[in-house]
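Residue-level listing of the chains:
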Amino acid sequence: MYLDRLLGLVSVDMGIDLGTCNTLVCVRGQGIVLNEPSVVAVYKGTNKVLKDGQAVGWMAKEMLGKTPGNITAIRPLKDGVISDFEITEAMLGYFIRKVNGRSRFIGPRVVISIPSGITAVEKRAVFDSAERAGARKTYLIEEPVAAAIGAGLPFAEATASAIVDIGGGTTEVAILSLAGIAVCESVRVAGDDFDEAIINHMKKTYNLMIGEQTAERVKIEIGSAAPVGPETSMEVRGRDMISGLPRKTVITSEEIREALREPIGAIIEAVTRTLERAEPELAADLVENGITLAGGGALLRGINVVLTNATGLDAKIADDPLTCVARGTAIYLENIEEWKDTLETDMEA
Ligand code: ADP
Ligand code: MG
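Predicted model, so just to flag it, every value in this text is computed and none were measured.

Examining the site of ligand 1
Item 1. The full set close to ligand 1 counts 17 residues, and Thr20, Cys21, Asn22, Glu216 and Lys219 are the nearest of them.
Item 2. The separation between an oxygen atom of ligand 1 and a polar main-chain atom of Gly168 is 2.9 Å.
Item 3. A distance of 2.5 Å separates an oxygen atom of ligand 1 from a polar side-chain atom of Glu216.
Item 4. Across the complex, the protein chains shield 90% of the 580 Å² of accessible surface that ligand 1 would expose by itself.
Item 5. More than half of the atoms of ligand 1 fall within 2 Å of the grid points belonging to the largest pocket.
Item 6. Listed by contribution, the elements that provide at least two residues to the shell around ligand 1 are helix H6 (191-206) and helix H7 (212-222).
Item 7. The biggest single contributor to the shell around ligand 1 is H7, with three residues.
Item 8. For the shell around ligand 1, the per-class residue count stands at five nonpolar, nine polar and three charged.

See the structure below:
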């Protein structure tokens, strides 16, 4: 233990939010030092990662638009499960090495937040990847716990708090108390599904095919879950499904809200289902403490309003919801001696 402290002075402590959309790394004393898409470029039709780490994160994303034919992008955690271990490992390894620097001879201690829905085999794969990437010590933490810590919830106290983390591929709903998860649910409906609902709406209503990035832009610019603020409109471009030619049209915030109704409804259901499963004493605490929203999806206008209406509880958005989990992992690492026994996160090699 003493040696570990000593090593701590010369090595890096990293908290990693391994998200379905974005991976963030938070280093003690430095804050968020890496924030890149969880994307890996591979040769089309294979799972072969492009040579070196040249094909991960921003570089993979940038490469995509410009490279014809034989290269494609994979989001290995897209649905909150690890679709390909090798690709996930390549990605995680690249990020760890990028932050740690090649010259450092003592490996970092890393805490990685993982979706609460993943299997033991997947956990093991994440753990092993970190070790192979040079981590001196690796801890795994469930994402809702990291989100709660990052949001400053009293997660270790004898009072319940509720966290709803709406990411790209999954939404995690959890009720925490005494440093543990009392009830949780992970559903595969989140930000990506909002984009998809917009794509489908454009097809159905305008016979217009739009790309994923355009759909995401529409969501961020004019999307909402409830009528908050003035209604707006924007112009979108795509390809006409009948003529096959490029075309543009104007859409309104009202119609996009309508298009998002279904995925939003699924998230509301997941939240109410989880609340219904909570013990009465925990439920009673939530009347006081409310629900806290984290993840990029928490930034959708009015999402707190629909959740407040549906549950009768005060739903508030965490500060900087996109970095909440990463900041939580770093805080966890600072307090690891105190928390590691209560939180079942240590996976001894
Ligand atoms: P993950 O943890 O799964 O990687 P994030 O928490 O990084 O996901 O959130 C990514 C999702 O948040 C994406 O679907 C993205 O489109 C969405 N998002 C980001 N900013 C906004 C915004 N301002 N309004 C609505 N959605 C947003
Ligand atoms: Mg996340």
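Considering the sheet that holds strand S10 (residues 180-187)
Item 1. Sheet architecture is open: five strands sit in the order S10-S9-S8-S14-S15, paired in mixed fashion. The outermost strands of the open sheet, each flanked by one partner alone, are S10 and strand S15 (315-317). Shown here is a sheet whose adjacent strand axes are inclined to one another by a mean of 20°, direction ignored.
Item 2. Pairing between strand S14 (residues 291-294) and S15: three bridges, direction parallel.

Structural notes on the packing of helix H5 (residues 143-150) against helix H12 (residues 324-334)
Item 1. Running from N to C, H5 and H12 cross one another at 85°; their axes reach a closest spacing of 7 Å. When the axes of H5 and H12 are compared, the pair comes out roughly perpendicular. Here Glu143, Ala146, Ala147, Ile149 and Gly150 of H5 lie close against H12, whose contacting residues are Cys324, Val325, Arg327, Gly328, Thr329, Ile331 and Tyr332.

Some words on the layout of surface pockets
Item 1. Put simply, the largest pocket is a space of about 1200 Å³.
Item 2. In terms of lining residues, the largest pocket is bounded by 43 residues, among which Cys21, Asn22, Arg75, Asp192 and Glu216 are the most central.
Item 3. Per-element accounting of the lining of the largest pocket gives the leading share, six residues, to H6.
Item 4. Tallied by class, the residues present in the lining of the largest pocket amount to 19 nonpolar, twelve polar and twelve charged.

Brief notes about the sheet that holds strand S11 (residues 208-209)
Item 1. Within the open sheet, the three strands sit side by side as S11-S12-S13. Their pairing is antiparallel. With one partner strand each, in any of the chains shown, S11 and strand S13 (246-252) form the two edges of the open sheet.
Item 2. Both S11 and strand S12 (residues 233-240) contribute to a ladder of two bridges, which runs antiparallel. When the sheet's bridge partners are listed, Leu208 is paired in S12 with Asp240.
Item 3. The strands that H6 touches are S11, S12 and S13; relative to S13, the one it contacts most, it runs at about 105°.
Item 4. Taken strand by strand, H7 contacts S12 and S13, and its axis lies near 170° from that of S12.

Remarks on the pairing of strand S1 (residues 13-18)
Item 1. Counting buried residues in S1 gives six out of six residues, a clear majority hidden from the surface.
Item 2. Alternating positions in S1 separate into two faces, Asp13, Gly15 and Asp17 on one and Met14, Ile16 and Leu18 on the other, with burial throughout.
Item 3. Summarising the sheet, S1 and strand S6 (residues 109-114) pair through five bridges and their orientation is parallel. Each residue of the ladder has a partner; that of Ile16, found in S6, is Ile112.
Item 4. Taken together, the five bridges between S1 and strand S2 (residues 22-27) define a ladder with antiparallel strand orientation. By the bridge assignment, Gly15 is partnered in S2 with Cys26.
Item 5. In textbook terms, the turn of a hairpin is the stretch between consecutive antiparallel strands, and for S1 and S2 this stretch comprises three residues.

Concerning the nonpolar core
Item 1. Within the largest apolar cluster, 45 residues are counted, with the highest numbers of intra-cluster contacts made by Ile264 and Ile291.
Item 2. Setting aside chain neighbours within four positions, we find Ile291 in contact with Ala162, Val164, Val271, Leu275, Thr311, Leu313, Asp314, Ala315 and Lys316.

Topic: the environment of Thr329
Item 1. Here Thr329 lies in helix H12.
Item 2. A relative accessible area of 0% places Thr329 in the buried class.
Item 3. Distance from Thr329 to Ala146, taken between C-alpha atoms, is 5.4 Å for residues 183 residues apart in sequence.
Item 4. Residue contacts for Thr329: discarding those within four places in its chain leaves Gly15, Ile16, Val111, Ser113, Ile141 and Ala146.
Item 5. Among the polar contacts made by the side chain of Thr329, one reaches the main-chain carbonyl oxygen of Ala326 at a distance of 2.6 Å.

How each quantity is defined
Residues numbered from 1 in each chain as written. Chains lettered and ligands numbered in written order. Predicted model: local features only at pLDDT ≥ 70, side-chain atom pairs only at ≥ 80, totals over all residues. Heavy atoms only, no water. Near = heavy atom within 4 Å. Polar contact = N/O pair within 3.5 Å; in protein donor to acceptor, adjacent residues only side chain to side chain. Areas by Shrake-Rupley, 256 points an atom, 1.4 Å probe, with all protein chains shown as cover. 1 Å grid on protein atoms, 1.4 Å probe; cavity = no way out; pocket = protein on both sides within 12 Å on 5 of 7 lines; lining within 4 Å. Sits in = over half its atoms within 2 Å of the grid points. Helix = DSSP H or I, 4+ residues; strand = E, 2+ residues; numbered from the N terminus. Nonpolar A, V, L, I, M, F, W, Y, C, P; charged D, E, K, R; others polar. Pairing = 2+ DSSP bridges. Axes fitted to C-alpha atoms, helices over the stretch in contact; angles between N-to-C directions. Parallel < 35°, antiparallel > 145°, perpendicular 65-115°, else oblique. Contact = heavy atoms within 4.5 Å. Points joined across faces, edges and corners; volume = space filled by probe spheres on them. Buried < 20%, exposed > 50% of the residue type's maximum accessible area, 1.4 Å probe, protein only. Core = buried A, V, L, I, M, F, W, Y, C linked by side-chain atoms within 4.5 Å.

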